[in-house]
Amino acid sequence: MKQQFWHDCWDNTHIGFHQDELQPLLVEYFPNLLEPQDSRVFVPLCGKTSDLFFFADRFKVIGNELSAVACRDFFQENQLIPKIQETMSFNIYQQGNIELYQGDFFALSPEQFQPFDWIYDRAALIAFPQDMRIEYVQHIKHFIKANTRVFLLTLEFPQEEMSGPPFSVDENEVMRLFKDYKILKKTQRDLTGQKFARRKFPVTKLIEKLYIISK
Ligand SMILES: C[S@@+](CC[C@H](N)C(=O)[O-])C[C@H]1O[C@@H](n2cnc3c(N)ncnc32)[C@H](O)[C@@H]1O
């Protein structure tokens, strides 16, 4: 997906992926996965998700999002006024425990940050077509340190029934992308016939899967 595609989505409010309520599997599973020392979470391709607030109660949250519209709306819609720092590659919006790095994910470097305890991937991996998923995972691996766990949500559906994004990413692909990592398939839900965020997809099967990935 070219960056312009996503800028156009935000500029024209074509954001069917945005979910107004918290991600149900995050709310149900995440609290039981926490270790006492966990304190930092990274949310790549975060859009303006409310899930950032779910983390911010307890965590320092670093989000990354390409679109300035998304970052602006995230704070504005929640009646928050962030401090904005402009750097060479990113505009950094900061308010309370939340910092959003607005700019290209692939330009982010792990050296910019202390290690993360968690990486939260909702609609990030599945936002990319196959060739870009390989690049995305290569880059995300730079952020996976000894204690980092990835909370990865995927969708599976017959890809031929709908062109992405989102794209179907099946278990075999997750295994291939993260080979050499520990992969725990935590749960799945059948969303067939139901809405995914704001959209209902024309597909005959739709399964959401949750994996926990670590070194
Ligand atoms: C499918 S949306 C998911 C947003 C969010 N995770 C959510 O759950 O609502 C994908 C997001 O990735 C952002 N994005 C796409 N390419 C990006 C890139 N190279 N760097 C940073 N963000 C990017 C898009 O602007 C879009 O907001």
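Notes on the structure in this doc start here.

Quick notes on the rules
Residues numbered from 1 in each chain as written. Predicted model: local features only at pLDDT ≥ 70, side-chain atom pairs only at ≥ 80, totals over all residues. Heavy atoms only, no water. Helix = DSSP H or I, 4+ residues; strand = E, 2+ residues; numbered from the N terminus. Rg over C-alpha atoms; globule rule 2.2 N^0.38 Å. Buried < 20%, exposed > 50% of the residue type's maximum accessible area, 1.4 Å probe, protein only. Contact = heavy atoms within 4.5 Å. Lys, Arg positive; Asp, Glu negative; His and termini not counted. Charge placed at Lys NZ, Arg CZ, Asp CG, Glu CD. Phe/Tyr/Trp six-rings, centres within 6.5 Å; stacked < 30°, edge-to-face > 60°. Near = heavy atom within 4 Å. Polar contact = N/O pair within 3.5 Å; in protein donor to acceptor, adjacent residues only side chain to side chain. Areas by Shrake-Rupley, 256 points an atom, 1.4 Å probe, with all protein chains shown as cover. Nonpolar A, V, L, I, M, F, W, Y, C, P; charged D, E, K, R; others polar. Pairing = 2+ DSSP bridges. Axes fitted to C-alpha atoms, helices over the stretch in contact; angles between N-to-C directions. Arc of directions from axis to C-beta.

With that settled, the discussion passes to the overall build of the chain. Along the backbone of the chain there are 6 helices and 9 strands. Its C-alpha atoms give the chain a radius of gyration of 16 Å, within 12% of the compact-globule value 17 Å for 215 residues. Projected onto the principal axes, the alpha-carbon positions of the chain cover approximately 45 × 40 × 30 Å. Out of the 215 residues belonging to the chain, those deemed buried represent 53%. Residue pairs in contact within the chain that sit at least 24 positions apart in sequence constitute 70% of those at least 6 positions apart. Put simply, the chain has 25 plus and 29 minus side-chain charges, and the middle of one group is 3 Å from the middle of the other.

Attention shifts here to the packing of aromatic side chains. All told, the structure shown has 28 aromatic pairs when counted by the stated rule. Measuring from centroid to centroid gives 6.0 Å for W6 and F17, while their planes differ by 65°, and the two rings are edge-to-face. Note that W6 is positioned in helix 1 (residues 3–11) and F17 in the loop between helix 1 and helix 2 (24–33), a separation of 11 residues in sequence. Ring centres of F30 and F151 lie 5.9 Å apart, and the angle between their planes is 75°; this geometry places the pair in the edge-to-face category. Here F30, found in helix 2, pairs with F151, found in strand 7 (residues 149–156); they are 121 residues apart in sequence, far enough to count as distant.

With that settled, the discussion passes to the site of the ligand. What surrounds the ligand is a group of 15 residues, the closest being L45, E65, D104, F105 and R122. One nitrogen or oxygen atom from the main chain of L66 is found 3.0 Å from a nitrogen atom belonging to the ligand. D104 is positioned with one of its side-chain polar atoms (N or O) 2.8 Å from a nitrogen atom of the ligand. Notes on the ligand: free accessible area 590 Å², of which the protein chains cover 97%. Elements with a contribution of two residues or more to the shell around the ligand: helix 1 and strand 2 (60–65). Its residues placed into classes, the shell around the ligand shows 9 nonpolar, 3 polar and 3 charged.

Okay, the sheet that holds strand 1 (residues 40–43) next. An order of 3-4-5-2-1-6-7-9-8 is seen for the 9 strands of this open sheet, with the pairing classed as mixed. The sheet terminates laterally at strand 3 (83–86) and strand 8 (182–190), the two strands that pair on one side only. Sheet twist, expressed as the average angle between the axes of neighbouring strands with direction ignored, equals 20°. Sheet analysis places strand 3 next to strand 4 (residues 91–95), joined by 4 bridges and oriented antiparallel. Within strand 4, the position partnered with E86 by the bridge is N91.

With that settled, the discussion passes to helix 1. Every buried residue of helix 1 is listed here: W6, C9 and W10. Along helix 1, the residues classed as buried sweep out an arc of 90° about the axis, all on the same side. Along its buried surface, helix 1 packs onto strand 2 and helix 4 (68–77).

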